[in-house]
Amino acid sequence: MMPGSTLEKVLADGKFAVTAELGPPKSADPQVIIDKANILKGHADAVNITDNQTAIARMCSMAAAKIVIDQGLEPIMQMTCRDRNRLAMQADILGAAALGIKNLLCLTGDHQSFGNHPESMGVFDLDSVTLIRMVKEMRDVPQFQCGEEITFAPKLYIGAAANPYADPFPFRAIRLAKKVDAGIDFCQTQIIYNVEKFAEFMHQCVELGVTERCKILAGVAPLKSAGMAKYMKNRVAGMDVPDEVVERMAAAKDVQDEGINVCVEIIDRVREIDGVAGVHIMAVEWESAVPEIMSRAGLKAGSAD
Amino acid sequence: MITAERKPFEQIKAVTDQFENILVVGCNTCVAVCLTGGEREAELLTAQLRLQREKDGISGTVNTVTVLRQCENEFVDAVAAQADGKDLILSTACSIGPQLIAERIPKVRVAPAMNTNMLAVVKKHHVWSEYCVACGDCVIFSTGGICPIARCAKQLLNGPCGGSQGGHCEISPEVPCVWQLIYDKLAAFGLEGNLSRIDGPKNWSKSNSGGPRTMKKEGFEP
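What counts, and where the lines are drawn
- Residues numbered from 1 in each chain as written.
- Chains lettered and ligands numbered in written order.
- Predicted model: local features only at pLDDT ≥ 70, side-chain atom pairs only at ≥ 80, totals over all residues.
- Helix = DSSP H or I, 4+ residues; strand = E, 2+ residues; numbered from the N terminus.
- Rg over C-alpha atoms; globule rule 2.2 N^0.38 Å.
- Buried ≥ 20, exposed ≤ 12 C-beta atoms within 10 Å, placed from the backbone.
- Contact = placed C-beta atoms within 7 Å.
- Domains from an automatic or database assignment.
- Nonpolar A, V, L, I, M, F, W, Y, C, P; charged D, E, K, R; others polar.
- Axes fitted to C-alpha atoms, helices over the stretch in contact; angles between N-to-C directions.
- Parallel < 35°, antiparallel > 145°, perpendicular 65-115°, else oblique.
- Left-handed = near helix turned anticlockwise from the far one by under 90°.
- Core = buried A, V, L, I, M, F, W, Y, C linked by C-beta atoms within 7 Å.
- Pairing = 2+ DSSP bridges.

Draft legend 1. Here's a closer look at the overall build of chain A. In terms of regular secondary structure, chain A is built from 12 helices and eight strands. Computed over the C-alpha atoms, the radius of gyration of chain A is 18 Å, within 12% of the 19 Å expected from 2.2 N^0.38 for a compact globule of 305 residues. C-alpha extents for chain A along the principal axes are approximately 60 × 45 × 45 Å. Counting only residues that meet the buried cut, chain A has 52% of its 305 residues in that class. Counting only contacts in chain A whose residues sit at least 6 apart along the sequence, the fraction spanning at least 24 positions is 80%.

Right under this line is the structure:
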């Protein structure tokens, strides 16, 4: 079954896809999402709607995704395993599809100790891999995780994340292959600053045949300050920020401009790597940087023509 | 073994201050091995309570007795006589102890002096680490003899997640990534390829999530 999402069409046509990120607010205000959507509209083929990102309670990704659809932009709804069990997940998956959401990104989720409710219970009934397989079976068999039939299947283009910088390194491409076996159609990577290591990871993915079965979008993010570069290097789990990037940001006169330059250079380099089908630009709380990055990188959304 | 840590004295005192005659009951098995609730610790707590209560002008008595195991009827029943005339039994066992005491000696109020924390091994002197959560469906043959349910912060069956770096878990550099340990262990047997297999979803109905569990040994019913 083809889910029929714009992102799917762009990638199936072999066009270079561009996705961005839109974080829902820590409030019930839909205007925040409408404003961000209007900045990103026309620039991205689809935008990720994060799900209680870094374990901070926010407006749910399904509602925010629906608001984004109403603005004429295609959402990629994120779903983590941290906050719900398989019952709630399947309910949300059916509901999301019924609302017209066509892309679902399946994640394990950051541990709750990172967020603003560290005393909460982490659910983790499933992990990202078993979540992916459940969504795939809901769409294609179609059946619930328990094996019961679904009469009207959720048509979803299924995605996942991959982190080339986590350990053990030799297992990262294999773990992505597991996600492909489980049923993903596309994946977005962790933010890339160390391009050499990413290239090595991509080489392994090509060798394993992953790139033939799954579209890989390279994750990038503009650094907004020297402090952010340092913070990402030292404090964010699963990041690899080379010293030269931190130093370059520290030495910059116009740091935001330099952050965009670094991002554009990384896009230029990852585009040349075999198997890269697009980029995922994560300009969190700096959505206005996305059009600028794309213009400097000479990028257009694959769906823009 | 089961490990338990003593509650802060202030919390214990907030309960004991409401009672006159108190019996502190120690347990000489797991909590004695982890040096928190055996005979010695029960006596220490008793002495501490006596001093505090004398200072605060609270009348009554504080006595102590220690049994071999508070998780078995016969040992708990043996202290029933000493509970006569007491207003409170304060147990220094894991939570099983005060619960069984409450069941077997129903006339007396019971309070825990401990917080029960885990099924653990003695990692080194005075350090215990959680190895089991009693999930009811052991998987460790396929994970190199290492439990991902008890020892992975996200209970992953298909780890390691993207937060594993330098052998550490994303939650703390103090916490080893158990999936790195599993990978290394399987690799030592040349079996890391096994990790390409998708495991799960887990059947949580065999765990406490399925409701309180009872184990019966067939053919031995009374």
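Draft legend 2. Region of the structure containing the overall build of chain B. Secondary structure assignment for chain B yields seven helices and nine strands. For chain B, the C-alpha radius of gyration of 22 Å lies well beyond 17 Å, the compact-globule estimate for 222 residues. Oriented by its inertia axes, the alpha-carbon framework of chain B measures out at about 65 × 45 × 25 Å. Scored against the burial criterion, the 222 residues of chain B give a buried share of 35%. Contacts in chain B between residues at least 24 apart in sequence constitute 54% of all its contacts with a sequence separation of at least 6.

Draft legend 3. Region of the structure containing the domain arrangement of chain B. The domains assigned to chain B are domain 1 (2-117) and domain 2 (136-209). Averaged C-alpha coordinates put domain 1 of chain B and domain 2 of chain B at centres separated by 38 Å.

Draft legend 4. Here's a closer look at the interface of chain A and chain B. The interface is formed by 27 residues belonging to chain A together with 24 residues belonging to chain B. Contributions of two or more residues to the side of chain A that touches chain B are made by α5 (128-140) and α6 (169-182) of chain A. Sorting elements by how many residues they give to the side of chain A that touches chain B places α6(A) first, with six residues. For the side of chain A that touches chain B, a count of residues per class yields 11 nonpolar, nine polar and seven charged.

Draft legend 5. View of the packing of α5(A) against α6(A). Residue and element names in this part refer to chain A. Two elements in contact, α5 and α6, have axes whose closest approach is 8 Å; the angle formed by their N-to-C orientations is 20°. Classified by the angle their axes make, α5 and α6 are roughly parallel. Remark: the crossing between α5 and α6 carries right-handed chirality. For the pair α5 and α6, the contacting residues are Val129, Ile132, Arg133 and Lys136 in the first and Lys178, Lys179 and Ala182 in the second. For the contact of α5 with α6, a count of residues per class yields three nonpolar, no polar and four charged.

Draft legend 6. Broad picture of the packing of helix α2 (residues 30-40) of chain A against helix α3 (residues 61-70) of chain A. Residue and element names in this part refer to chain A. Viewed as axis vectors pointing N to C, α2 and α3 meet at an angle of 50°, and their least axial separation amounts to 9 Å. When the axis of α2 is compared with that of α3, the two are oblique. In terms of crossing hand, the pair formed by α2 and α3 is right-handed. Residues Pro30, Ile33, Ile34 and Ala37 of α2 form the contact with α3, whose participating residues are Ala64, Ile67 and Val68.

Draft legend 7. Fine view of the nonpolar core. Ranked by internal contacts, the top residues of the largest apolar core, which has 97 residues, are Val47(A), Val68(A), Leu104(A), Cys106(A), Val135(A), Cys187(A) and Val220(A). By residue number, the principal contributor to this core is helix α11 (residues 255-271) of chain A, which donates seven residues. Counting residues in each nonpolar core, the second largest holds 31 residues, with Cys27(B), Val31(B), Val62(B) and Ile89(B) among its members.

Draft legend 8. Expanded view of the sheet that holds strand β4 (residues 88-91) of chain B. Residues and elements named next belong to chain B. Strand order in this open sheet of four strands is β3-β2-β4-β5, and the pairing throughout is parallel. Two strands bound the open sheet, and with one partner strand each, they are β3 (62-67) and β5 (109-112). This sheet shows a mean twist of 25° between the axes of neighbouring strands, independent of strand direction. Strand direction decides the pairing type here: strand β2 (residues 22-27) and β4, joined by four bridges, are parallel.

Draft legend 9. Representation of the sheet that holds strand β8 (residues 276-281) of chain A in the model. All names here are of chain A. Strand order in this closed barrel of eight strands is β1-β2-β3-β4-β5-β6-β7-β8, and the pairing throughout is parallel. The mean angle between the axes of side-by-side strands here comes to 30°, regardless of whether they run parallel or antiparallel. By the bridge criterion, four bridges tie strand β1 (residues 17-22) to β8 in an arrangement that is parallel. Across the sheet, Val18 pairs through a bridge with Val279, a residue of β8.

Draft legend 10. Here's a closer look at unusual backbone geometry. In this structure, Pro168(A) follows Asp167(A) across a cis peptide bond, with omega equal to -10°. In this structure, Pro168(A) sits in the loop between β5 (157-162) and α6. With an omega of -5°, the peptide bond running from Gly159(B) to Pro160(B) counts as cis. Inspection of the secondary structure puts Pro160(B) in the loop between α6 (148-151) and β8 (168-169). A positive phi angle, near 65°, is found at Ala55(A), a position not held by glycine. In this structure, Ala55(A) sits in the loop between β2 (46-49) and α3. Residues other than glycine seldom take positive phi values, yet Ala134(B) does so here, at roughly 55°. Structurally, the position occupied by Ala134(B) is in the loop between β7 (127-132) and α6.

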